[in-house]
Amino acid sequence: MAAFAEGLSEEEWRATVSATDRRSVGIIVHHVASMYPIEIDVARAIASGEAVTEVTGDVVAELNAKHAREHAEVTKAAALALLRRNSHEAANAVLAFTDEELDRAAPFSLSFGAPVTAQFVIEDHALRHSWHHLALIRTALGR
């Protein structure tokens, strides 16, 4: 994502992602960067066997809306610096999980209370999240 975003023009940086997601590309890049620590904390909670009950679709929607309001004018330099730092820290955190922790499951409210493993949370959130948004950005920009 960082390599792609680095080459964006100012016009592309400010483009909206879709008709249903009116956030700019820049806000989305910053959003992905901001979510890494939260996603790792959720994986750590699951890895410790702790149920995660406070993360719901409504909570995520409010968190995303608040983030968009607070970072409406985020610069490319600031967003890319945060993305690089937080993705690097998240990668190091993932490497620190033991096989036992990765295999541990606990109920996760964002998955409707289903018991999920820490590995699932890492793969479905910390990893897939950035790819998901990058795909939406590429579609929005036609590249």
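Everything that follows concerns the structure shown earlier in this document.
So, a few notes on the structure that sits alongside this text.

Cut-offs applied
Residues numbered from 1 in each chain as written. Predicted model: local features only at pLDDT ≥ 70, side-chain atom pairs only at ≥ 80, totals over all residues. Heavy atoms only, no water. Salt bridge = Lys/Arg side-chain N within 4 Å of Asp/Glu carboxyl O. Helix = DSSP H or I, 4+ residues; strand = E, 2+ residues; numbered from the N terminus. Expected span 1.5 Å × (residues − 1). Buried < 20%, exposed > 50% of the residue type's maximum accessible area, 1.4 Å probe, protein only. Arc of directions from axis to C-beta. Contact = heavy atoms within 4.5 Å. Axes fitted to C-alpha atoms, helices over the stretch in contact; angles between N-to-C directions. Parallel < 35°, antiparallel > 145°, perpendicular 65-115°, else oblique. Left-handed = near helix turned anticlockwise from the far one by under 90°. Nonpolar A, V, L, I, M, F, W, Y, C, P; charged D, E, K, R; others polar.

1. A closer look at the pattern of salt bridges
Then comes step 1: Counted under the stated rule, the structure contains 10 salt bridges.
Then comes step 2: Between Glu 10 and Arg 14 there is a salt bridge, and its shortest N-O distance comes to 3.2 Å. Residue Glu 10 and its partner Arg 14 are both found in helix H2 (residues 10-14); the two are separated by four residues, about one turn of the helix.
Then comes step 3: Across the pair Glu 70 and Lys 66 runs a salt bridge, and its minimum N-O distance is 3.9 Å. Of this pair, Glu 70 and Lys 66 both sit in helix H4 (residues 57-70), four residues apart, which is roughly one turn of that helix.

2. Quick word on H4
Because each turn of an α-helix spans 3.6 residues, side chains separated by three or four positions in sequence point in the same direction.
Then comes step 1: Taking 1.5 Å per residue as the helical rise, H4 with its 14 residues ought to reach 20 Å, and the 20 Å between its terminal C-alpha atoms agrees with that figure.
Then comes step 2: Where H4 is concerned, the buried positions are Asn 64, His 67 and Ala 68. When H4 is viewed along its axis, its buried side chains cluster within an angular range of 100° and face the same direction. Away from its buried face, by an angle of more than 90 degrees, H4 presents the exposed residues Asp 58, Arg 69 and Glu 70.
Then comes step 3: Its buried side turned inward, H4 meets helix H3 (25-47).

3. Topic: unusual backbone geometry
Then comes step 1: Despite not being glycine, Phe 112 has its phi angle at roughly 60°, a positive value.
Then comes step 2: Looking at the secondary structure, you find Phe 112 in the loop between strand S1 (105-108) and strand S2 (114-117).
Then comes step 3: Looking at Phe 112, the relative accessible area reads 82%, which means it is exposed.

4. Re the packing of H3 against helix H5 (residues 76-96)
Then comes step 1: Contact geometry of H3 with H5 gives a least axis separation of 9 Å together with a crossing angle of 20°. The orientation of H3 relative to H5 falls into the category roughly parallel. For the element pair H3 and H5, the recorded crossing hand is left-handed. For the pair H3 and H5, contact is made by Gly 26, Val 29, His 30, Val 32, Ala 33, Ser 34, Tyr 36, Pro 37, Ile 40 and Arg 44 and by Ala 79, Leu 82, Leu 83, Asn 86, Ser 87, Ala 90, Ala 93 and Val 94, respectively.
Then comes step 2: Split into classes, the residues belonging to the contact of H3 with H5 amount to 12 nonpolar, five polar and one charged.

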